[in-house]
Amino acid sequence: MDKKQLAEETINTAANGGKDAPLTSTDVERVFDLLFGTVEHPGSIAEALNRRENVSLGSFGSFRMDGGTATFRPGTALTEFLQNKTG
């Protein structure tokens, strides 16, 4: 799944949740760029890691620096979902 497809899926999820999606796919793609960054501009996660801060995204997981390399540790909810432990 690429960024455009992820943005579309996010919009569809919001719309199917019974609420009108106030954002367009382009808006969501822009948020992804600001959060995760692009080749030209680091995102807010990269900026925080550069300051040696950990970035926690709740039960989804967290990012941290480990010996000069950014690492991701899945959280409980993501791990359980991927292991089919959720209903």
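In this report, the structure presented in the accompanying data block is examined. These figures come from a predicted structure and were not determined experimentally. (Residues numbered from 1 in each chain as written. Predicted model: local features only at pLDDT ≥ 70, side-chain atom pairs only at ≥ 80, totals over all residues. Heavy atoms only, no water.)

1. Thoughts on the packing of aromatic side chains
Which entries qualify depends on this criterion: Side-chain rings of Phe, Tyr and Trp (the six-membered ring for Trp) are treated as a pair once their centres are within 6.5 Å; stacked means planes under 30 degrees apart, edge-to-face means over 60, and tilted covers the remaining angles. Only DSSP runs of H or I covering at least 4 residues are called helices, and only runs of E covering at least 2 are called strands; the numbering of each starts at the N terminus. Relative accessibility under 20% of the residue-type maximum defines a buried residue, over 50% an exposed one, and the middle range a partly exposed one, all with a 1.4 Å probe and only protein chains included.
A full pass over the atoms with the stated rule returns 2 aromatic pairs. Between F60 and F72 the ring centres are 5.5 Å apart and the planes differ by 45°, which places this aromatic pair in the tilted class. Highlighted residues: F60 in the loop between β1 (55-56) and β2 (61-66) and F72 in strand β3 (residues 69-74), separated in sequence by 12 residues. Taking relative accessible area as the criterion, F60 reaches 43% and is therefore assigned partly exposed. Given the relative accessible area of 34%, F72 is considered partly exposed. Seen from their ring centres, F63 and F72 are 4.9 Å apart, and the 50° between their planes marks the pair as tilted. Overall, the relative accessible area of 17% leaves F63 in the buried class.

2. Some remarks on a nonpolar patch on the surface
Formally: Patch construction takes residues with relative accessible area above 30% that form no salt bridge. Like charges are linked within 9 Å, and nonpolar side chains (Val, Leu, Ile, Met, Phe, Trp, Tyr) are linked within 5 Å. Methods summary: accessible areas were calculated by the Shrake-Rupley approach with a probe of 1.4 Å, and residue burial reflects only the protein chains presented. The salt bridge definition used is simple: a Lys or Arg side-chain nitrogen within 4 Å of an Asp or Glu carboxyl oxygen.
On the surface, a nonpolar cluster with roughly 250 Å² of combined accessible area is contributed by L57, F60 and F72. Structurally, the position occupied by L57 is in the loop between β1 and β2. Here L57 falls in the partly exposed class, since its relative accessible area comes to 33%.

3. Observations concerning the pattern of salt bridges
Under the definition given, this model contains 1 salt bridge. Linking R51 and E53 is a salt bridge whose minimum nitrogen-to-oxygen distance equals 2.8 Å. For R51, a relative accessible area of 51% puts it in the exposed group. The exposure class of E53 is partly exposed, given its relative accessible area of 36%.

4. Section: the nonpolar core
Our working definition: The definition of a nonpolar core used throughout is a set of buried Ala, Val, Leu, Ile, Met, Phe, Trp, Tyr and Cys residues joined through side-chain atoms within 4.5 Å. In this description, contact between two residues means that some pair of their heavy atoms is separated by no more than 4.5 Å.
Listed in full, the 5 residues of the largest apolar core are I45, A48, L49, V55 and F63. Per element, the largest residue contribution to this core is 3 residues, and it comes from helix α3 (residues 44-50). For A48, the residues in contact, after removing those within four places along its chain, are E53 and V55.

5. Quick notes on the pairing of β3
Selection criterion: In this scheme, strands are said to pair when DSSP sees at least two bridges between them.
Strand direction decides the pairing type here: β2 and β3, joined by 6 bridges, are antiparallel. Bridge pairing in β3 places D66 opposite T69. What sits between the antiparallel neighbours β2 and β3 is a turn of 2 residues, in which G67 has the positive phi angle 60°.

6. Brief notes about the environment of M65
Positionally, M65 belongs in strand β2. Separated by 51 residues in the primary sequence, M65 and A14 have C-alpha atoms spaced 32 Å apart. If sequence neighbours within four positions are ignored, M65 has contacts with L49, R52 and A70.

Coordinates in, geometry out; function isn't part of it.
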